[in-house]
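# Coordinate analysis (summary)
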Amino acid sequence: CDVSTMDKIKCVSVSDGKEISRMAALENIKQGELELQNLGLRRHILPAQVLPIAEGDTVVETLNKAAVGCHLVLGAGGEKRGQSQGRGKAKVDPAFIGSVSLQCMASCTAPVILCKPKGTPLLDTTQGMQRRLATPSTVGTTIVVAVDGGHVSQKCFDMALRFVTRKDTVYICHVQNSDQDVEGASAAQNTLLGNSAVASYYASECAKAQSRFNGATFEFMPLTMVKHSVVETILEFTERD
């Protein structure tokens, strides 16, 4: 295994020297690196870094600059936020997305990956990720990638391929709307295709991925619009048993 070609992981924490001290940032980094090492990813870890906020910048701008040429991975809710009260005890709302995450999604030029709590039951268990990595032949995960005819969808599909292991099932979903070519706001960068072109392209990509990843399953799923809403259509599919 060539270490030079592996995906690399770098733990960073932002410090403004006041509310977020350098010591607190270092502690966050230490915890993150320890979890990565416990997963057996020591060879993937780059030297960690505390990111100071430059004068005039914000936490979001600091993270966006650090993410250039990378993928930015964020917790969806942030710390001590998105909490609701239940029988006298605070608990994190799994649907909550913090302001930093929302702003990074809107402004970061790099791909942004949000990690939501309770997203995958297996990963919420003790040593869930270790079990998945250690026994990929028996533990499978369902991955849903929602696509349209644009270039960003191709990037999402490529990103999903980074996470696939044996026994995983990958659904490439497209909400059908029109079978005519449609141009986005910037035709040069984001030309959208109709149903037939999308189906033909991703059916072919699924076949290629199927032959590449032995034991995983790839399937293109054309979805009929529900309640005139693309969002509702995708959510209904992901919530099926």
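Residues numbered from 1 in each chain as written. Predicted model: local features only at pLDDT ≥ 70, side-chain atom pairs only at ≥ 80, totals over all residues. Heavy atoms only, no water.

The next point concerns the nonpolar core. In this structure, Val-145, Val-164, Val-170, Ile-172, Tyr-202, Phe-213 and Phe-218 are the most contacted members of the largest nonpolar core, which totals 17 residues. Taken together, the elements giving at least two residues each to this core come down to β7 (142–146), α6 (151–161), β8 (169–176), α7 (195–212) and β11 (217–224). Among the elements that make up this core, the one with the highest residue count is α7 (4 residues). With near-sequence residues (within four places) excluded, Val-170 lies in contact with Ile-143, Val-145, Val-164, Thr-217, Phe-218 and Glu-219. In this structure, Val-14, Leu-51, Val-60 and Ala-110 belong to the second largest nonpolar core, which totals 10 residues. (Core = buried A, V, L, I, M, F, W, Y, C linked by side-chain atoms within 4.5 Å. Buried < 20%, exposed > 50% of the residue type's maximum accessible area, 1.4 Å probe, protein only. Helix = DSSP H or I, 4+ residues; strand = E, 2+ residues; numbered from the N terminus. Contact = heavy atoms within 4.5 Å.)

Per-residue confidence for the protein chain averages 81 on the pLDDT scale, and 74% of its residues sit at or above 70. Across residues 81–87, confidence stays below pLDDT 50; counting only partners more than four residues off in sequence or on other chains, it has 13 contacts. Every residue in residues 180–191 is under pLDDT 50, and counting partners more than four places away or in other chains gives 13 contacts. (pLDDT = per-residue confidence, 0-100.)

Our next topic: the pattern of salt bridges. Taken as a whole, this structure holds 3 salt bridges when the rule is applied. For Arg-162, the salt bridge identified is with Asp-7, shortest N-O distance 2.9 Å. With Arg-162 in the loop between α6 and β8 and Asp-7 in the segment before β1 (12–15), the pair connects residues that are 155 residues apart, well separated along the chain. Note on Arg-162: relative accessible area 47%, which makes it partly exposed. (Salt bridge = Lys/Arg side-chain N within 4 Å of Asp/Glu carboxyl O.)

In an α-helix, one turn spans 3.6 residues; hence positions three or four apart end up facing the same way. Given a rise of 1.5 Å per residue, 18 residues ought to cover 26 Å, and the 26 Å separating the end C-alpha atoms of α7 matches this to within 8%. Contacts from the buried residues of α7 go to α6, β8 and β11. (Expected span 1.5 Å × (residues − 1).)

Helix α3 (residues 99–107) packs onto helix α2 (residues 59–66) with a crossing angle of 50° between their chain directions and a minimal axis gap of 10 Å. The angle between the axes of α2 and α3 places the two elements in the oblique class. The handedness of the crossing between α2 and α3 comes out as right-handed. Of α3, the residues touching α2 (which contributes Val-59, Val-60, Leu-63 and Asn-64) are Val-100, Gln-103, Cys-104 and Ser-107. When the residues that make up the contact of α2 with α3 are grouped by side-chain class, the tally is 5 nonpolar, 3 polar and no charged. (Axes fitted to C-alpha atoms, helices over the stretch in contact; angles between N-to-C directions. Parallel < 35°, antiparallel > 145°, perpendicular 65-115°, else oblique. Left-handed = near helix turned anticlockwise from the far one by under 90°. Nonpolar A, V, L, I, M, F, W, Y, C, P; charged D, E, K, R; others polar.)

Let us look at the packing of aromatic side chains. Applying the stated criterion across every chain yields a total of 4 aromatic pairs. Both rings, one in Tyr-201 and one in Tyr-202, keep their centres 4.8 Å apart while their planes meet at 90°; by these two values the pair is edge-to-face. Judged by its relative accessible area of 2%, Tyr-202 is buried. Taken together, the ring pairs in this structure connect Phe-157, Tyr-201 and Tyr-202 into an aromatic cluster. (Phe/Tyr/Trp six-rings, centres within 6.5 Å; stacked < 30°, edge-to-face > 60°.)

Quick look at the sheet that holds β8 now. Strand order in the open sheet formed by 3 strands is β7-β8-β11, with parallel pairing between adjacent strands. Across the chains shown, the open sheet's two edge strands, defined by having one partner strand only, are β7 and β11. Sheet twist, expressed as the average angle between the axes of neighbouring strands with direction ignored, equals 25°. One ladder, built from 5 bridges, connects β7 with β8; its direction is parallel. Directly across from Ala-146, in β8, lies its bridge partner Cys-173. Running at roughly 165° to β7, α6 makes contact with β7, β8 and β11 of the sheet. Helix-sheet contacts for α7 involve β8 and β11, and the interaxial angle to β11 is about 165°. (Pairing = 2+ DSSP bridges.)

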